[in-house]
Amino acid sequence: GLATAVERFVAVLVIACPCALGLATPAAVAVGTGRGAELGILVKGGAALEAASRVDTVLLDKTGTLTTGKPVLTDVVSVLGEGGEAALLRLVASAEGQSEHPVATAVVEGARSRGATLHPAESFRSEPGLGIEARVHDHLVRVGTADWLRAAGIGTSPLESQADGLARLGRTPFFAAVDGKLAGLVAVADRPAPGAREAVLALRNMGIEVAMVTGDRARTAAAIALELGIDRVIAEVRPEGKARVVAEERARGRVVAMVGDGINDAPALAGAHVGVAIGSGTDIAVAAADIALLHGGIASLPDALRLARATLRTVRTNLFWAFVYNLIGLPIAAGVLYPFTGLTLSPVLASAAMSLSSVSVLMSSLRLRRFRAAA
């Protein structure tokens with residue numbers, strides 16, 4: 001009797017070993033994050049994967065995320081009279097020369113390609129999301145949004161209709177003022193990033209709500225959104241406003257992923273359930289994000305969310321079979337079948353079953369190695 005009791009005791013202890021349960025989650029997460037790294041999807045831990053698997057709303061920045069982030073100068077409209085376009089472009093490009101914004105780079109490169117000679121700018125000042133101000137050859141030059149110029153007492157109504165017309169073409173117009181008077185406007189255009197439209201369609205097919213959040217004019221944003229198949233647009237949002245939009249979506253009970261690439265996006269990335277940074281963006285954006293898309297840009301976002309969902313399915317599968325193993329094995333090890341069938345489970349067989357359960361969890365997790373990015 002004592003020997004039988006000890007045998008049952010040891011068998012129960014061996015079966016009750018929580019190896020399979022302990023391996024169920026970390027094994028799947030380790031394989032999932034490793035497979036993501038191979039595909040250029042850098043995931044910062046299991047918590048990020050779990051949150052990404054539940055995402056039902058994706059907020060997308062426009063410039064550098066949905067678009068290439070390399071705008072080009074398209075239009076220069078001047079009210080300075082004959083020869084005014086060249087003079088205006090020279091002043092605006094000189095003022096923008098000290099800015100690191102992609103739009104500023106487009107204006108400077110466009111001016112140089114048109115033969116403009118740039119001058120050094122002084123007293124440069126930038127208002128994120130609004131515009132820039134600098135002094136060029138004793139002229140005070142302001143370039144920015146209509147609201148920003150109007151706040152400085154500069155009327156923009158003479159060029160509003162032209163600006164709206166450019167916006168409807170998907171271009172981004174900016175007003176320019178010289179010495180406190182409206183001087184004209186410049187416009188740049190940024191083309192959609194490769195695979196952006198397909199990525200939006202894939203997200204919608206996954207049952208995810210997609211919205212664009214941008215500081216651009218509403219008409220410009222609407223034109224790009226129409227081209228990409230995005231129905232919801234939140235435009236003319238200042239950098240700090242993006243974080244507010246994220247907070248509002250979270251308050252609605254949505255599980256939010258914010259996707260961006262710039263310094264201005266960092267607060268919104270940090271405030272979302274899942275912050276996703278485009279790998280070509282700034283280091284600050286990547287540091288603030290939970291997931292970084294190192295290759296393929298926005299086109300790899302659906303793959304990142306699909307991988308997260310697959311990993312969580314694997315975790316649940318592992319936990320299910322680990323629990324089933326314990327639920328079946330423990331009563332048998334305790335001898336519940338012995339009075340009816342005479343069957344017992346020796347400690348040797350129990351240790352073999354315990355080992356096999358751990359191996360089965362690992363094999364189940366390794367199935368994630370077969371995860372493939374969408375063609």
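Residues numbered from 1 in each chain as written. Predicted model: local features only at pLDDT ≥ 70, side-chain atom pairs only at ≥ 80, totals over all residues. Heavy atoms only, no water.

Trainee: Could you clarify how one ought to interpret the overall build of the protein chain in this entry?
Mentor: Counting secondary structure elements, the protein chain contains 16 helices and 13 strands. Taken across its 375 residues, the protein chain has 49% of its residues classed as buried. Restricting the contact set of the protein chain to residue pairs at least 6 apart, pairs at least 24 apart contribute 65%. Only carbon and sulfur atoms are counted for the fraction: they give 59% of the accessible area of the protein chain, which is about 17400 Å². (Helix = DSSP H or I, 4+ residues; strand = E, 2+ residues; numbered from the N terminus. Buried < 20%, exposed > 50% of the residue type's maximum accessible area, 1.4 Å probe, protein only. Contact = heavy atoms within 4.5 Å. Areas by Shrake-Rupley, 256 points an atom, 1.4 Å probe, with all protein chains shown as cover.)

Trainee: Where do I start with the packing of aromatic side chains in this structure?
Mentor: The description of two aromatic rings rests on the distance between their centres and on the angle between their planes. According to the stated counting rule, one finds 1 aromatic pair in the structure shown. Residues Phe 320 and Trp 321 carry aromatic rings whose centres are separated by 5.0 Å and whose planes lie at 80° to one another, so their mutual orientation is edge-to-face. Residue Phe 320 is classed as partly exposed on the basis of its relative accessible area, which comes to 48%. Trp 321 sits in the exposed class, given a relative accessible area of 52%. Over the ring of Trp 148 we find Arg 142, and its NZ or CZ is 5.1 Å from the ring centre. (Phe/Tyr/Trp six-rings, centres within 6.5 Å; stacked < 30°, edge-to-face > 60°. Lys NZ or Arg CZ within 6 Å of the ring centre and 35° of its normal.)

Trainee: What is the right way to look at helix 8 (residues 157–168) in this model?
Mentor: In an α-helix, one turn spans 3.6 residues, which is why side chains three or four residues apart end up on the same side. End to end, helix 8 covers 17 Å across 12 residues, agreeing with the expected 16 Å (1.5 Å per residue, within 8%). Along its buried surface, helix 8 packs onto strand 3 (72–78), helix 7 (146–151), strand 7 (171–178), strand 8 (181–189) and helix 10 (218–228). Backbone geometry just after helix 8 places Gly 170 at a positive phi near 85°. (Expected span 1.5 Å × (residues − 1).)

Trainee: Help me out: how do you make sense of the nonpolar core in this one?
Mentor: The tendency in soluble globular proteins is for nonpolar side chains to be buried side by side. Val 58, Leu 60, Leu 66, Ile 230, Ile 298, Leu 301 and Leu 305 are the most contacted members of the largest nonpolar core, which totals 38 residues. Dropping the residues within four chain positions of it, Val 58 is found in contact with Leu 203, Ile 208, Glu 209, Val 210, Ala 211, Ala 257, Val 259, Leu 301 and Leu 305. Counting 24 residues, the second largest nonpolar core, distinct from the first, contains Leu 88, Leu 91, Val 103 and Val 178. (Core = buried A, V, L, I, M, F, W, Y, C linked by side-chain atoms within 4.5 Å.)

Trainee: Is there a simple way to think about the pairing of strand 5 (residues 131–136) in this case?
Mentor: Of all 6 residues in strand 5, 5 are buried, a share of seventy percent or more. Relative to strand 5, strand 4 (residues 122–127) runs antiparallel, the two sharing 4 bridges. Each bridged residue has a counterpart across the sheet, and for Glu 127 the counterpart in strand 5 is Gly 131. Counted along the chain from strand 4 to the antiparallel partner strand 5, the turn is 3 residues long, and its residue Gly 129 has a positive phi close to 80°. When strand 5 meets strand 6 (residues 139–144), the two strands line up antiparallel, connected through 6 bridges. Within the sheet, the bridge partner assigned to Arg 135 lies in strand 6 and is Leu 140. If you look at the hairpin formed by strand 5 and strand 6, you'll find 2 residues sitting between the two strands, and His 137 has a positive phi there, around 50°. (Pairing = 2+ DSSP bridges.)

Function-wise, these values are silent; they only describe arrangement.
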